Amino acid sequence: MAFSIHASIDPAPTIGAHANDERARFNRLRKIARQFRRSKQAVIGLTIIVILAIVAVAAPLISRVDPGVPVLGNVLQSPSWSALFGTDELGRDVFGRIVHGARISLGVAALAVAISTVFGVPIGLIAGYWEGIVGSVLMRLMDSIQAFPAVLLAIAIASTLGPGIMNAMIAIGFVGIPGFARLARGEVLRIKAVDYVSAARASGAGNARILRQHILPNGLAPLIVAAATSAAGAILTEAALSFVGLGATPPQPSWGSMLQAGYPFITLAPWLSIFPGLAISLATFGFIFLGDGLRDIFDPRMRGR
Amino acid sequence: MLRFIARRLIETIPVLIFMSMLVFSLIFFLPGDPVMGVLGPGMEIDDAAVAKMRDDLHLNDPIPVQYVAWAGKMLQGDFGRSVSSHQPVAHSIFERLPVSAYLAVYAIVVMLVIAVPLGVLAAVKRGTKWDLIASGISVLGLAVPGFWLAILMVLLLGVKVSWFPTSGYVSPFDNPFQSLRHLFLPAVALGAAGAGSLTRQLRSSMLEVLNEDYVRTARAKGLRGWTVLSRHALRNALIPSVTVLGLSLGNLLGGSLIIESIFLVPGVGSLLVNAIFTRDFPVVQAGTLMIAIMVVFINLGVDVLYGILDPRIN
Amino acid sequence: MVRDQHDQSPVKLLAGTPISRRHFLALTAAGAAAMAVRGAKPALADDEIKRGGTLRGAVVGPITSLDPFTSKLSSGDAITYRSLYNSLLEISGTGELIPELATKWTVSEDGLTYTFNLQSGVLFHDGTTLDAEAIKFNLERYKAEGSSYSGADRLRVISTIEAPDAQTLVITLATPNTPFLVNVGVIPIVSPAAVDALGEDFQLKAVGSGPFKYESWEPGSTAKFTRNEQYWETAPDGQPFPYLDSLVIEGAPDDSVRLLNLRSGQFEVNERVNPRDIASISSDPNIQVIETAHATPYIVALNPTKAPFDNKTLRQAVSSALDRQAIIDNISFGTGYTIPIAFPKGAWFYIDAPSPVYDVDAAKKLLADAGYPDGIDVTFSIINRPTDNQIAQIVKAQLDSIGIRTTIDVLERTTWVDLWTARNGQLGILQGGMTPTDPDSQSGWWSDTSLANYAGYDNPKIRELIEQANETTDQAKRLELWKEVTALNVDDAVYIFIGAIPTTMATRKIVTDLETVSGYNWELRATWLNQ
């Protein structure tokens, strides 16, 4: 029972056609794929992310050396054919560290977004469905979390919990919860306004079923867009956390902590301050483009711009 | 209008209360005894003193009582004492707040100077390569971490070429020119991300406005392009951008943390970063809350401004 | 003034030389001569000293308190106290004792009574007089029961303090203590009247008798001091010291930031230059590099009070697995040197014994002998500092390679201190400070009362040897005793000394006649700006 997606793709809504669910879904997907190809942004974004993900997964194959082991005879070498991005203050190959660092950055981003979604969406659904006191209180709570600048709150939480990747994930995930809650709630409210939900209720469908069959599928699209944008923020926040010593601990090659370690050597070895930053920017860029592109696809009003 | 402001103010109160509860609850997530979070471990304290401290801090009382005691103190301006310097936290924070605010304003000016021309350009030349360039730059601003931009600027502009000092702060009251020079690099680093999102917002609201009927009507009436642009389109496009500006401010103040410490700007941000390194929990707590409250009130102001500007609400 | 820290010129006067009557006269004469010399110190022969100007200094550790009594021992504190306060004497870079408030001193034959003759006409910044009573007040305050003063322990050997007249101070000890002269000599003397008047606020607004007096200080921010017009020492031009008009001290813990600011002219003095930067500033025409007599030792500490490192063989395995030379070379960019104990090169007590040999095979065998043929997992807790970080990663690799699988745990300082004072750490890294004053300054590592003994290392034999060394006045004998201490320490492998990095300062070339005393505290009374 696609509503928003369908409206943009297929003008003939198949409301009530339970039997045609499967085919409708397939058609929907095909159309999305077509739209996808039309949005250059989405394609570029997705390509970047996929490449980075592959690099992250295949890191040990790409760079066979343990990224944490010092090579004391080789410190602070400038970029060359043997060390594409140069070596750091302990002689380690920067390229290899960045490749392994992709695991950390992407991993933290993914898990943090997962935390935000897993907690945020149900909160939003509840707030949207039970609009009274429960919803009001929940949304005020979400407001108050969102009132904090994201990086600031993440830093405050992470500094309380202590350094470590787990704590960074928790902090970043927590900060992202209100965004998803608000989104989910918005979807619920919007869909509640539509007749067919009342129609479905009239036909005896229970709350859970309504949530599952009508609300969730429609809400999925903005959720995915939000996930992409959220991932971009998560990567930047993780870098910021590592830069101030929260997050990844040595010798883990988080891009943010590589920047932190490289900054004192800025005049001696500027490459230490360049490449990790490029990596962060690239990953963030990819997610932003992906999010933008997906938004273009899913929201008809934005198209044609 | 006054009712509008009053209503928004009242709406803010529960948010502020929840925010304070959130910050207050941090103390329970400290690994180790909360007393040490306030006293700072590393001091030789005997058990009697610890017990007394726990009592003073109401740590043995039920949590709501603790919160009320803490909130009461905060409202009276007692933010506790810094673990490292033993000075009242409130004093340090209020001393540094104006510096952070000054940097923030400077960053906003930078943001506007970058975003307005870029956003307008992108909207007016939609679809052309100018649009792509402008949009590309704005995404770059969003994707590039502010502190990395700061590092790059230090490298290129501070070290290789010594155009701008790479740190320090001169009060605008002492020497306006030096003051602006010293804060140029941090302001740009801070403003870049905001410039990115503002450009995007401006572009899309400009596009919306340019398509609106009344603009077409104005065009039809023969008003020249630029007049239409500046008088009608821009002014109306700026309205939703004001909201984005307000939102950006939040991120700005958050991003200021690292940038202030890289450039040695004596604001609240660098205070917080130092406090993180020294495990100065009272400063972290109070600083976070203060910055966030500042953001809330600025957003409130933005809302009010929006209400004033937007004819639809009026 | 560039000081060659490898200067092995014979030390002229030092606590520990046999104190006989003959020596005392020599001390006195030399003391008086030193005073005269200091008063007439020329800079470069052809430059005329210019008065005035502000000296801005960047220090590593921001000032924590203007009162030595509550000082948290940051470097900024020590540096500031040298300008705000006077002490009985000061210690030059080569270990000479230079009279200051004390014009001469004698020690009785039995080593128990110290008599100091004091300078007259010294006023505190608040106008009150600095006399023997004032010094007595200071010493009692510092050594009182429950004192927060870090050097209180070393003063508790005092049994009585008397001020028979305004210019004479007599201190009697309970037992002979050779380092005592140095320990009591460098204590900053504060104004008793001000302590009474200001109470707790005294740490915010110091009142001393030094060449500079308090103007303003915001904790966590800049401190400003102005010239003390009433300073008691006269410069060669007939006016009192200091030459400078004012002094600004700012805390900047980040090495790169301090250096960048020095190069851009925002500071005139940088307390410490990271070894990696020395090469690049040597070529800067505006900067001069000054070697100080101070050095920082780096130590890998093992906790012997709990498993697994209560096992001595295991500790020795760790000791053999560490390539000390490689570690110190990496973090010092070649400027550092390995040490068996924290005594600096250039000190009379420097012990040039070779470090334990780096032997991977021996290490593996020791590991097996210790009962861990399949290796062991340990936690390496370090303070969040860049150098510690670097060392830890190298050590981890070296230990991993023999089977001691190490996990690095980066902690904030206070958490780390907590962990170790509760004796829950396993492996850790410590930094210290070493100056050529007296070997006893390093005794904290083995003390049963000092907080500095983070590992809780209890070795009564070492303590006994140290006590003996403190009671002996024969320098050669003292050295022998300390060599025994070194050997025992190395064998026990609790505090594994890796190496030391000499501390290098940098100033802009216009800063002339900046001397460093007692390590690397800045002696600024005769400093002037050649601009």
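It should be emphasised that the depicted structure is a prediction, and the values quoted were computed from it without experimental measurement.

Reading the values: rules and limits
Residues numbered from 1 in each chain as written. Chains lettered and ligands numbered in written order. Predicted model: local features only at pLDDT ≥ 70, side-chain atom pairs only at ≥ 80, totals over all residues. Heavy atoms only, no water. Helix = DSSP H or I, 4+ residues; strand = E, 2+ residues; numbered from the N terminus. Buried < 20%, exposed > 50% of the residue type's maximum accessible area, 1.4 Å probe, protein only. Contact = heavy atoms within 4.5 Å. Areas by Shrake-Rupley, 256 points an atom, 1.4 Å probe, with all protein chains shown as cover. Buried area = accessible area lost by both parts, 1.4 Å probe. Salt bridge = Lys/Arg side-chain N within 4 Å of Asp/Glu carboxyl O. Polar contact = N/O pair within 3.5 Å; in protein donor to acceptor, adjacent residues only side chain to side chain. Nonpolar A, V, L, I, M, F, W, Y, C, P; charged D, E, K, R; others polar. Pairing = 2+ DSSP bridges. Phe/Tyr/Trp six-rings, centres within 6.5 Å; stacked < 30°, edge-to-face > 60°. Lys NZ or Arg CZ within 6 Å of the ring centre and 35° of its normal. Core = buried A, V, L, I, M, F, W, Y, C linked by side-chain atoms within 4.5 Å. Domains from an automatic or database assignment.

As a further point, take the overall build of chain B. Broken down by element type, chain B carries twelve helices and zero strands. Secondary structure elements in chain B, listed N-terminal to C-terminal, are α-α-α-α-α-α-α-α-α-α-α-α. Looking at chain B as a whole, 49% of its 314 residues are labelled buried. Residue pairs at least 24 apart in sequence account for 72% of intrachain contacts in chain B once pairs closer than 6 positions are excluded. Of the accessible surface of chain B, which amounts to about 14,700 Å², a share of 67% is contributed by carbon and sulfur atoms.

Here we take up the overall build of chain A. Per the secondary structure count, chain A includes twelve helices and zero strands. Ordered by position in the sequence, the α and β elements of chain A form the string α-α-α-α-α-α-α-α-α-α-α-α. In chain A, which comprises 305 residues, the proportion classed as buried is 55%. Counted over contacts in chain A with a minimum sequence separation of 6, partners at least 24 positions apart contribute 69%.

Take the interface of chain A and chain B next. By a frequent convention, interface size equals the accessible area lost on bringing the separate parts together. Taken residue by residue, the interface counts 45 residues in chain A and 47 residues in chain B. Of the roughly 3,900 Å² buried between chain A and chain B, counting both surfaces, carbon and sulfur atoms make up 79%. Applying the counting rule to chain A against chain B returns one salt bridge. In this structure, Arg200 of chain B and Asp292 of chain A form a salt bridge, with 2.7 Å as the shortest nitrogen-oxygen distance. Viewed at the interface, chain B and chain A are joined by two residue pairs in polar contact (both at pLDDT 80 or more). Breaking the side of chain A that touches chain B down by element, the ones donating at least two residues are helix H6 (133-146), helix H7 (150-161), helix H10 (207-243) and helix H12 (271-298) of chain A. With twelve residues, the top contributor of residues to the side of chain A that touches chain B is H12 of chain A. Across the side of chain A that touches chain B, the residue classes tally to 30 nonpolar, ten polar and five charged.

Take the pairing of strand S14 (residues 376-383) of chain C next. Residues and elements named next belong to chain C. Within S14, six of the eight residues are buried, which leaves it mostly tucked inside the rest of the structure. Taken together, the eight bridges between S14 and strand S15 (residues 404-411) define a ladder with parallel strand orientation. Note that in S15 the partner of Ile383 across the bridge is Leu411. With two bridges connecting them, S14 and strand S16 (residues 427-431) associate as parallel partners. Its bridge partner being in S16, Ser381 is matched across the sheet by Gly428.

We now examine the packing of aromatic side chains. Scanning the entire structure with this criterion turns up 28 aromatic pairs over all chains. Taking the centre distance of 6.4 Å and the plane angle of 40 degrees together, the rings of Phe265 of chain A and Phe333 of chain C count as tilted. Of this pair, Phe265 of chain A sits in the loop between helix H11 (255-262) and H12 while Phe333 of chain C sits in the loop between helix H10 (324-332) and strand S13 (337-338), placing the two residues on different chains. On the accessibility criterion, Phe333 of chain C (33% relative accessible area) is partly exposed. Joined through ring pairs, the aromatic side chains of Phe343, Trp348, Phe349, Trp446 and Trp482 of chain C make up one cluster. The ring centre of Phe69 of chain C lies 4.5 Å from the NZ or CZ of Arg141 of chain C, which sits over that ring.

Residues and elements named next belong to chain C. Among the 16 residues of strand S12 (residues 287-302), 14 are classified as buried, and the element is accordingly described as predominantly covered. The pairing of S12 with strand S17 (residues 495-508) spans twelve bridges and is classified as antiparallel. Counted as the bridge partner of Val300 is Ile496 from S17. The pairing of S12 with S16 spans five bridges and is antiparallel. In the sheet register, Tyr298 faces S16, and the bridge partner there is Gln431.

Attention shifts here to the nonpolar core. The biggest cluster of nonpolar side chains holds 155 residues, and the ones touching the most others in it are Ile93 and Ile262 of chain B. Taken domain by domain, the makeup of this core includes at least three residues from each of domain 1 (2-75) and domain 2 (97-313) of chain B. The residues contacting Ile93 of chain B, other than those within four sequence positions of it, are Phe79, Val268, Leu271, Ala286, Gly287 and Met290 of chain B. Formed by 71 residues, the second largest nonpolar core is a distinct cluster that contains Tyr114, Val122, Phe124 and Tyr142 of chain C.

The next thing to look at is the domain arrangement of chain B. Residue and element names in this part refer to chain B. Examined at the domain level, chain B breaks down into domain 1 (2-75) and domain 2 (97-313). Every contact between the two is made by 18 residues of domain 1 and, on the other side, 14 residues of domain 2. Buried area between domain 1 and domain 2, both sides added, is near 1,500 Å², and the carbon and sulfur share of it is 80%. Three residues stand out in domain 1 for area buried against domain 2, namely Phe4, Met19 and Val23, and they jointly supply 28% of the buried area on that side. At the boundary of domain 1 with domain 2, the tally comes to zero salt bridges. Sorting the residues of the side of domain 1 that touches domain 2 by element identifies helix H1 (2-25), helix H2 (34-39) and helix H4 (63-75) as the ones contributing at least two each. Considered class by class, the residues forming the side of domain 1 that touches domain 2 number 14 nonpolar, three polar and one charged.

Moving on: the environment of Pro340 of chain C. All names here are of chain C. Mapped onto the secondary structure, Pro340 falls in the loop between S13 and helix H11 (360-369). Given a relative accessible area of 6%, Pro340 falls into the buried group. If sequence neighbours within four positions are ignored, Pro340 has contacts with Ile351, Ala353, Thr486, Asn489, Val490 and Phe497.

Attention shifts here to the pattern of salt bridges. All names here are of chain C. Applying the stated criterion to the full structure yields 34 salt bridges over all chains. Here Asp400 and Lys396 are joined by a salt bridge, their closest N and O atoms 3.2 Å apart. Taken together, the residues span about one helical turn, with Asp400 and Lys396 both in helix H12 (residues 386-402) at a distance of four residues. For Asp400, a relative accessible area of 29% puts it in the partly exposed group. Given the relative accessible area of 18%, Lys396 is considered buried. Among the ionic pairs, Glu480 bridges to Lys483, the shortest N-O distance being 4.0 Å.

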